[in-house]
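# Chain and residue survey
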Amino acid sequence: MFEEVPIVIKNSHLINVLMWEMEQKSAVSDKQELLNLSSSNHLEKSLQLLMDRVDDMSQDIVKYNTFSRNVSKQQQQKHQYLQRRQQENTQRQTRGEPPLPEEDISKMFKPPQPPPRMDTLLIAGQINTYCQHINEFTSQNLAKMFMAEALQGHNVLKKS
């Protein structure tokens, strides 16, 4: 049913020369980059972006703390208002006067607007991403430094 047909693929000489040149260039750059210990602009940029995001997170935390204080202060004011109102009603009852009419407290004490949580969540995700990038970059560079140190120690032992 199936018949095997031999196939021979040949490249032109120009393609062979191009492939050889590409192989030579990539091999040289790979060897040079293998133990490149220089610091990168990538690390500097990532740290700068991380600092910016941490500053943004700090500002969001300040906003949330202000919101929490305002809510607490408002709850305290509500509680004081209700206590004064109850004391006034008991005093009126002892004098034989009718109690004060009920008022809607939610209209008097409107809750403060909470800060947006989505921004904080996005900032936290960005901080996590920057930390992962920095961790990967520094791990690779530490590995290169240990390899270079081991090679240097090996070369020193050979010379002695």
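Just so it is clear, the structure is predicted and the values come from calculations on it, not from any experiment. (Residues numbered from 1 in each chain as written. Predicted model: local features only at pLDDT ≥ 70, side-chain atom pairs only at ≥ 80, totals over all residues. Heavy atoms only, no water.)

## Points about the nonpolar core
Note the threshold: Nonpolar cores are built from buried Ala, Val, Leu, Ile, Met, Phe, Trp, Tyr and Cys residues. Side-chain atoms within 4.5 Å join them into one set. Burial classes follow relative accessibility: with a 1.4 Å probe on protein chains only, a residue under 20% of its type's maximum area counts as buried, one over 50% as exposed, and anything between as partly exposed. Secondary structure elements follow DSSP: runs of H or I no shorter than four residues count as helices, runs of E no shorter than two count as strands, and numbering proceeds from the N terminus. Note on definitions: a residue-residue contact is assigned when non-hydrogen atoms from the two residues lie within 4.5 Å.
Listed in full, the 8 residues of the largest apolar core are Leu 43, Leu 50, Met 57, Ile 123, Ile 127, Tyr 130, Ile 134 and Phe 137. For this core, the secondary structure elements donating two or more residues are α2 (41-95) and α4 (117-159). With 5 residues, α4 is the largest single contributor of residues to this core. Residue contacts for Ile 123: discarding those within four places in its chain leaves Arg 53, Asp 56, Met 57 and Asp 60.

## Focus on the pattern of salt bridges
What counts here: Should a side-chain nitrogen of Lys or Arg be within 4 Å of a carboxyl oxygen of Asp or Glu, the pair is scored as a salt bridge.
In the structure shown here, the tally under the stated rule is 3 salt bridges. Here Arg 85 ties to Glu 103 by a salt bridge, and the two come within 3.7 Å at their closest N and O atoms. With Arg 85 in helix α2 and Glu 103 in the loop between α2 and α3 (105-108), this pair connects stretches of sequence that are 18 residues apart. By relative accessible area, Glu 103 is classed as partly exposed at 41%. Salt-bridge contacts for Glu 97 lead to Arg 92; the nearest nitrogen and oxygen are separated by 3.8 Å. Taking the relative accessible area as the measure of exposure, Glu 97 reaches 33% and is therefore partly exposed.

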